[in-house]
Amino acid sequence: MKKWAFFGVIGVFLFAFLSVSIPTKGMCATIELSYANFFPPTHIQAKLGQMWAKEIEKRTNGKVKITYYPGGSLLKGPKIYDGILKGITDIGMSVFAYTRGVFPSMEAIDLPLGYPSGKVATCVINEFYNRFRPKELSKVKVMYLHAHGPGLLHSKKAVYKLEDIKGLKIRSTGFCAKLVKALGGVPVAMGQGGTYEALQKGVVDATFSPIEVLKGWKQAEVIDYTTECYSVGYTTGFYVFMNLDKWNSLPKDVQKVIEQVNREWIPKHGEAWDKSDEEGRKFTLKLGNKIIPLSEAESKRWAKAAESVFEEYIKSAEKRGVPGREYVNFIKETIKKCAGR
């Protein structure tokens, strides 16, 4: 009996030791997530993505660990949305316009409606999402959205008036490509990643982009002029999404932290876009490039030419059951509202 009692005592101690030493499956386990971003690592939008990831890790006391892949190292910009859906990456930042036709409602944001700043554009895109909650975004968890400052024309040839655009091969994406056509140019679909080389080699003559690209993507080195066509200043909508199944698997306390950080990061992106535009302007002038302002009369001519883009969007959207006119009217009013804040 003493022998069995001895083994019984040993068994109790062994069980207790194993219970303490070997955690239950999932207990205190680190939640590992991946985050793909196409912006170059040195770009402020890439840095903000990394800062967001670090803030999540900090506020969850290390419960969440996010491996960050900037510069298209995991997925290129046009592949990020599909990569999120397939679980290749858990989180991704990219451009709605890179997957044309997939986001018919969000396309409205990119229309050349005369956005005055990145702060306003970022405010508008989030107000739009909160107001309409487009069904097309139901396959992912939306972290937050942002949008750049007014897209302008950067070219190797001086463009002073509408006639100067005729025949120019202009890099563009999404509805910006339709704007190029409406203004008389030849749109060339291309992401930012290939634009520098395309300008350098003469594949394109110009690019429509916010002025920040002149420094952020070093494109001031391969252009000579910027035309300040603010009356048709468009924006491009950016998203930060998470795989929906991954989101649903996260503990509630972690979801709460992420939601809070998301709200805080929206204005950071808008402010960063505007700061980048300022730096882009200084950089291109430093290189000796010229900035050409349009006269009021010429600005009105450009805006008049762009009207066909709105009408084409509205007709196309309504054929797909999307209230295009309501969207356009909402965005116009929200630009005024956000600009007045």
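Residues numbered from 1 in each chain as written. Predicted model: local features only at pLDDT ≥ 70, side-chain atom pairs only at ≥ 80, totals over all residues. Heavy atoms only, no water.

## Considerations on the packing of helix α10 (residues 296-319) against helix α11 (residues 324-339)
Stage number 1. The geometry of α10 relative to α11 is characterised by a closest axis approach of 7 Å and an angle of 135° between their N-to-C directions. Our classification of the angle between α10 and α11 gives oblique. Contacts between α10 and α11 involve Glu311, Tyr313, Ile314, Ala317 and Glu318 on the former and, on the latter, Gly324, Arg325, Tyr327 and Val328.
Stage number 2. Within the contact of α10 with α11, the residues separate by chemical class into five nonpolar, one polar and three charged. (Axes fitted to C-alpha atoms, helices over the stretch in contact; angles between N-to-C directions. Helix = DSSP H or I, 4+ residues; strand = E, 2+ residues; numbered from the N terminus. Parallel < 35°, antiparallel > 145°, perpendicular 65-115°, else oblique. Contact = heavy atoms within 4.5 Å. Nonpolar A, V, L, I, M, F, W, Y, C, P; charged D, E, K, R; others polar.)

## Some points on the confidence of the model for the protein
Stage number 1. A residue-level look at the protein finds 92% of positions with pLDDT of 70 or above and a mean pLDDT of 92.
Stage number 2. Across residues 1-26, confidence stays below pLDDT 50; counting only partners more than four residues off in sequence or on other chains, it has zero contacts. (pLDDT = per-residue confidence, 0-100.)

## A word on α10
Stage number 1. Across its 24 residues, α10 extends 35 Å between first and last C-alpha, which sits within 8% of the 34 Å expected from 1.5 Å per residue.
Stage number 2. For α10, the principal kink sits at Ala305 and spans about 25°.
Stage number 3. If you follow the buried residues of α10, they end up packed against β5 (151-155), α5 (175-183), β9 (225-228) and α11.
Stage number 4. Of the residues one or two after α10, Gly321 is the one with positive phi, at around 80°. (Expected span 1.5 Å × (residues − 1). Bend = angle between axes of the 7 residues up to and from the residue.)

## Let's talk about the pattern of salt bridges
Stage number 1. A complete count under the given rule lists 20 salt bridges for this structure.
Stage number 2. Lys54 serves as the salt-bridge partner of Glu57, at 3.8 Å between the closest nitrogen and oxygen. Remark: Lys54 and Glu57 occur in helix α2 (residues 44-59); sequence separation between them is three residues, near one turn of the helix.
Stage number 3. Of the residues examined, Glu57 reaches a relative accessible area of 12% and is grouped as buried.
Stage number 4. For Glu298, the salt bridge goes to Arg301, with nearest N and O atoms at 3.2 Å. A residue pair is termed a helical-turn pair when its members lie 3 or 4 positions apart in one helix, as Glu298 and Arg301 do in helix α10 at three residues.
Stage number 5. By relative accessible area, which is 10% here, Glu298 ends up buried.
Stage number 6. Each of Glu55, Arg59 and Glu264 takes part in salt bridges that share partners, so that together they form one network. (Salt bridge = Lys/Arg side-chain N within 4 Å of Asp/Glu carboxyl O. Buried < 20%, exposed > 50% of the residue type's maximum accessible area, 1.4 Å probe, protein only.)

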